[in-house]
Every structure is written in structure tokens, then in C-alpha cells.
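Next come the chains, spelled out residue by residue.
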Amino acid sequence: MLHETIGIYIHIPFCIKKCNYCDFPSLPGMDDCFEDYTNAVCREIEKAASDHSNKLADSVFFGGGTPSVLPARYISKIIDALSKGFKISENAEISIEVNPGTISQEKVMVYRELDFNRISIGFQSANNSLLKLMGRIHTKEMFEECVDRVKKCGFKNISADIIFGIPEQTMKDFQETVELALQKGVTHVSCYSLKLEEGTRWYELNEKGELPLVNEDLEREMYYWAINRLKDSGFIHYEISNFAKPGFQSQHNLKYWTDKPYLGFGAAAHSYMNNIRYSNIENPVEYIKRINEGKAAVDMSEPVGLDEKLSERFILGLRLIEGVNIKHLEKEFGNEAVQKYNEKINMLIKKNLICLEGDMLKLTNSGLDFANLVWLEFIT
Ligand code: SF4
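Everything numeric here is computed off the predicted structure, so don't read it as measured data.

Draft legend 1. Spatial organisation of the overall build of the protein. Along the backbone of the protein there are 16 helices and 17 strands. Whereas a compact globule of 380 residues would reach a radius of gyration of roughly 21 Å, the protein reaches 21 Å, a difference of no more than 12%. Nonlocal contacts in the protein, meaning residues at least 24 apart in sequence, comprise 71% of its contacts between residues at least 6 apart. Accessible surface for the protein amounts to roughly 17700 Å². Of this, 49% is attributable to carbon and sulfur atoms. If you average the places of the 44 positive and of the 55 negative side-chain charges in the protein, the two averages end up 3 Å apart.

Right, here's the structure in full:
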């Protein structure tokens with residue numbers, strides 16, 4: 001029997017401390033909830049499993065928040081519930097996000113025993129003053145130790161998250177960050193430009209004019225420097241912010257960018273299945289309460305119609321450096337539906353923001369700088 005392949009996402013909404021730029025669904029000081037939260041996630045998994053017995057999970061991703069703040073025995077319990085409830089492919093990519101400030105040798109060993117095969121480390125910067133300014137709990141040295149530990153335990157697929165455009169950051173700071181990640185031998189780098197999101201401490205400071213932001217030219221210079229440096233070191237630039245050594249592209253995240261189905265468990269987790277998108281209630285305490293009362297944790301659910309699906313396929317596909325295959329879209333959605341975008345596509349080609357290479361529609365080099373404007377054109 002052929003199984004439909006899916007990704008599984010587990011959200012761990014806890015952190016030691018809230019970083020100044022963070023708008024992710026994560027809360028500090030929730031240690032008392034860890035056990036109840038774990039039990040609730042396991043219950044949600046058990047309940048969903050029977051509806052998805054024909055699915056095969058080929059990627060599992062523990063994200064947050066900071067999954068590594070959770071004691072390893074709870075991660076183990078969730079993995080156990082997953083293995084009992086779902087078919088997990090033998091070569092599935094099983095990832096966990098860790099904060100270098102919360103990771104002991106013992107935890108890494110347990111992850112390895114639980115068959116995790118990919119570790120994503122929140123590195124962000126090699127400059128300790130900048131890390132402090134960002135409200136991070138770790139130091140450059142902790143990142144170095146963290147990579148050594150995960151390598152020692154046998155992990156080969158190691159990703160580092162890096163942020164650029166941090167207030168007060170110089171080109172040298174940024175270059176040292178990328179160089180350290182390379183020196184430590186990571187196989188994947190996610191390189192994000194700092195975004196000031198409403199509701200964060202830095203957003204407020206910026207509104208008051210009290211945040212010394214990096215100017216736009218320098219921020220772009222950092223991005224292009226990283227692209228060249230990482231490419232020179234054998235990394236493939238495969239998504240606008242993501243780079244991987246051959247064979248180390250994030251299989252789980254590729255599902256999001258190629259519009260594949262996934263199931264999310266835990267507070268604030270999103271799912272996309274059978275052309276329906278839904279998400280769970282964000283507050284972990286409320287999430288636990290609902291699950292314990294036998295209620296659904298889903299807070300929002302909406303069908304994704306064909307027009308919306310096509311629009312998303314363009315937007316997500318244009319995040320990928322290889323672009324989106326127009327012929328595949330025509331086959332799936334019909335020529336007429338795809339041709340509705342011709343005028344916009346031609347306009348963007350004329351502006352040299354996108355180009356057509358064979359059947360692949362992709363961002364040009366200048367399109368990388370204006371990707372947001374390109375994506376806007378495909379919103380219906
Ligand atoms: S560690 Fe990550 S999720 Fe937690 S507060 Fe900082 S940026 Fe947000």
C-alpha cells in the first residue's frame with residue numbers, strides 16, 4: 001500500500017528568557033507546565049494518529065521556542081507517542097532546535113538514542129556583546145562547545161541559525177560569525193535578516209527612535225558577502241535565507257516551500273492537510289486545558305481553494321533559488337489559471353526581478369533584494 005508522505009512538526013513553546021527581537025510563540029518561566037504540556041502533546045498525537053494511518057512521516061521537526069529547555073525524558077515521551085501513532089520512514093529527517101545555552105552532553109546523547117539525526121543550533125552571532133544586546137542567554141564559546149558536543153555524539157547534519165543586520169553590528173562582526181560557523185564544520189546555515197516585529201522589545205525601542213539600526217546598504221552587503229562566502233565553501237544557496245552542503249538541505253522546511261502536507265502538534269502549531277490549513281491555540285496553558293477537557297486544540301481552520309493554492313505555489317516557489325516549475329503548475333492547475341499571471345510575470349521580468357530559465361521561473365540576483373515586492377504581485 002502506498003502511503004502519502006507528510007512532515008510532522010512539534011512545537012515546544014518554552015524559552016529560558018524572551019529575546020528582545022522575538023515574536024515566536026514562546027514563553028519564559030513555564031517550567032511548572034513542562035510535564036502537563038508533554039502529556040497534552042502526547043494525547044493530541046494519539047488522538048490524531050488514527051485519522052492518519054495511511055500517512056508516512058518522512059520528516060519530524062521539534063521547533064520552538066527552545067525544544068532543548070525541555071528535559072530529555074519529555075522529548076523521549078513525545079517521540080514514543082509519535083512512533084506508536086505514526087509510521088515514520090526509516091530514513092526520515094528528525095530534527096531538533098537547540099539553544100547553545102541549554103544543551104548538555106547528556107541531552108545530546110539522548111537525542112541521538114532517540115534517532116534524531118539533525119540538530120539546528122540558534123547561534124545568531126559570534127560577538128558576545130551583540131548576543132547580550134539581543135537578550136540571548138548563550139555566548140560564542142557555548143556555541144563552539146555545543147557543536148563539539150553534537151559532533152562527538154555522532155551528529156553529521158548540523159545547522160546554525162545566523163542573524164544579520166543586528167543593531168551596532170559591523171561587517172567584521174558578521175564575517176566572524178559566518179567564519180566561525182564554517183570553521184566549526186556545520187553543514188547547513190540559515191542566514192536571516194533581522195526583522196523588527198510588532199510586540200517585541202526592539203520594535204518598541206525603534207518606535208521611540210532608540211535602536212541604532214544597521215543601515216540598509218550594510219545589511220545588503222552582509223547578505224551578499226554571506227552568499228559568496230558560503231558558496232565558495234561548497235554550500236548550495238537553495239532558499240532565499242538557507243544554504244546547505246550537498247545533500248544537507250532541510251527536508252522538513254522544503255515541505256513548506258513546496259506546498260507539501262504537514263501535521264503540527266502542540267500550542268501554536270500549524271497544520272496543512274487535504275487542502276485545509278489549521279492552527280492550534282497559542283497559549284500553552286489554554287492548550288493543556290483544552291486537551292485535558294477532551295476538546296480540540298484547533299483555533300483556526302480554513303480551506304485553501306485552488307486559486308489560493310496556485311498563488312501560494314508561486315510565492316513559496318519563488319523563495320527557492322531554483323524557482324518554481326511553470327510547466328508543473330500548468331499541468332496541475334490548468335493553462336488558463338497559470339496564464340492569468342502572465343501580465344504580472346512579464347512586468348517582473350521586464351524589471352529584471354524574476355527570469356524564466358527553461359521551465360523554471362526564479363528570482364534574479366536583483367530580485368533577491370526585492371523578493372517581498374515580487375511575492376506581493378502573486379497575492380490574489
Ligand atoms: S530563544 Fe528563540 S524562540 Fe526563544 S525567545 Fe529567543 S529567539 Fe525567541
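Still to come is the rest of the account.
Draft legend 2. The pattern of salt bridges, seen in detail. Counted under the stated rule, the structure contains 21 salt bridges. Across the salt bridge formed by Arg220 and Asp369, the nearest N and O atoms sit 2.7 Å from each other. Residue Arg220 is located in helix α8 (residues 216-232), and its partner Asp369 is located in helix α15 (residues 365-369); the two are separated by 149 residues in the primary sequence. Taking the shortest distance from any N to any O, the salt bridge between Lys362 and Glu357 comes out at 3.6 Å. For Glu357, a relative accessible area of 48% corresponds to the partly exposed category. Several salt bridges share partner residues, and in doing so they unite Asp259, Lys309, Arg313 and Glu332 into one network.

Draft legend 3. Spatial organisation of the packing of helix α1 (residues 34-49) against helix α2 (residues 72-85). At a minimum axis distance of 9 Å, the contact between α1 and α2 shows a crossing angle of 5°. Taken together, the axis directions place α1 and α2 in an arrangement best described as roughly parallel. Contacts between α1 and α2 involve Phe34, Glu35, Thr38, Asn39, Val41, Cys42, Ile45 and Ala49 on the former and, on the latter, Tyr74, Lys77, Ile78, Ala81, Leu82 and Gly85. Class assignment of the residues belonging to the contact of α1 with α2 gives a composition of nine nonpolar, three polar and two charged.

Draft legend 4. Seen up close, the site of the ligand. Taken together, the neighbourhood of the ligand is formed by Cys15, Lys17, Lys18, Cys19, Tyr21, Cys22, Phe24, Ser26, Gly65, Thr66, Asn99 and Arg136. When its residues are assigned to classes, the shell around the ligand shows five nonpolar, four polar and three charged.

Draft legend 5. Structural context of the domain arrangement of the protein. According to the domain assignment, the protein consists of domain 1 (4-257) and domain 2 (306-374). When each unit is reduced to the centre of its C-alpha atoms, the spacing between domain 1 and domain 2 is 29 Å. Listed by partner, the interface residues are eleven residues for domain 1 and ten residues for domain 2. Buried area between domain 1 and domain 2, summed over both chains or domains, comes out near 940 Å², and the portion from carbon and sulfur atoms is 58%. On the domain 1 side of the interface with domain 2, the three residues burying the most area are Tyr224, Ile240 and Trp257, jointly 51% of the side's total. Applying the counting criterion to the domain 1 and domain 2 interface returns two salt bridges. Viewed at the interface, domain 2 and domain 1 are joined by six residue pairs in polar contact (both at pLDDT 80 or more).

Draft legend 6. Quick peek at the sheet that holds strand β17 (residues 360-363). One open sheet accounts for three strands, arranged β15-β17-β16; its pairing is antiparallel. Among the strands making up the open sheet, the edge pair consists of β15 (324-325) and β16 (354-357). Relative to β17, β15 runs antiparallel, the two sharing two bridges. Among the inter-strand pairings, Val324 is bridged to a residue of β17, identified as Leu361.

Draft legend 7. Fine view of the packing of aromatic side chains. In total, this model carries 19 aromatic pairs according to the counting rule given. Measuring from centroid to centroid gives 6.1 Å for Tyr21 and Trp202, while their planes differ by 45°, and the two rings are tilted. Taken together, the residues Tyr21 in the loop between β2 (14-15) and β3 (27-28) and Trp202 in helix α7 (residues 201-207) connect sequence positions 181 residues apart. Relative accessible area serves as the criterion here: at 10%, Tyr21 is assigned to the buried category. For Trp202, a relative accessible area of 2% translates into the label buried. Joined through ring pairs, the aromatic side chains of Phe164, Phe174, Tyr223, Tyr224 and Trp225 make up one cluster. The positively charged end of Arg73 is found above the aromatic ring belonging to Tyr74, 4.6 Å away from the centroid. For the cation-ring pair, Arg112 lies above Phe155, with the distance from its terminal atom to the ring centre recorded as 4.9 Å.

Draft legend 8. Representation of the nonpolar core within the structure. Core analysis: the largest hydrophobic core is formed by 99 residues, its most contacted members being Ile10, Phe62, Phe116, Tyr287, Phe314 and Phe378. With eight residues, α1 is the largest single contributor of residues to this core. Of the residues that make up this core, three or more belong to each of domain 1 (4-257) and domain 2 (306-374). Those residues within four positions of Tyr287 in sequence are excluded, and the remaining contacts are Tyr37, Ala40, Val41, Glu44, Gly266, Ala267, Asn280, Ile281 and Ala297. Grouped together as the second largest cluster of nonpolar side chains are twelve residues, Cys19, Ile163, Ile166 and Trp202 included.

Draft legend 9. Just helix α10 (residues 284-292), in detail. Of the residues making up α10, those classed as buried are Pro284, Tyr287, Ile288, Arg290 and Ile291. Here the buried residues of α10 occupy an arc of 165° about the axis, which is enough to place them on one side. Considering only its buried residues, α10 is in contact with β2, β3, α1, β13 (276-280) and β14 (298-303). The N-terminus of α10 is capped by Asn283, whose side-chain oxygen sits 2.8 Å from the backbone nitrogen of Val285. Of the residues one or two after α10, Gly294 is the one with positive phi, at around 80°.

Criteria and cut-off values
- Residues numbered from 1 in each chain as written.
- Predicted model: local features only at pLDDT ≥ 70, side-chain atom pairs only at ≥ 80, totals over all residues.
- Heavy atoms only, no water.
- Helix = DSSP H or I, 4+ residues; strand = E, 2+ residues; numbered from the N terminus.
- Rg over C-alpha atoms; globule rule 2.2 N^0.38 Å.
- Contact = heavy atoms within 4.5 Å.
- Areas by Shrake-Rupley, 256 points an atom, 1.4 Å probe, with all protein chains shown as cover.
- Lys, Arg positive; Asp, Glu negative; His and termini not counted.
- Charge placed at Lys NZ, Arg CZ, Asp CG, Glu CD.
- Salt bridge = Lys/Arg side-chain N within 4 Å of Asp/Glu carboxyl O.
- Buried < 20%, exposed > 50% of the residue type's maximum accessible area, 1.4 Å probe, protein only.
- Axes fitted to C-alpha atoms, helices over the stretch in contact; angles between N-to-C directions.
- Parallel < 35°, antiparallel > 145°, perpendicular 65-115°, else oblique.
- Nonpolar A, V, L, I, M, F, W, Y, C, P; charged D, E, K, R; others polar.
- Near = heavy atom within 4 Å.
- Domains from an automatic or database assignment.
- Buried area = accessible area lost by both parts, 1.4 Å probe.
- Polar contact = N/O pair within 3.5 Å; in protein donor to acceptor, adjacent residues only side chain to side chain.
- Pairing = 2+ DSSP bridges.
- Phe/Tyr/Trp six-rings, centres within 6.5 Å; stacked < 30°, edge-to-face > 60°.
- Lys NZ or Arg CZ within 6 Å of the ring centre and 35° of its normal.
- Core = buried A, V, L, I, M, F, W, Y, C linked by side-chain atoms within 4.5 Å.
- Arc of directions from axis to C-beta.

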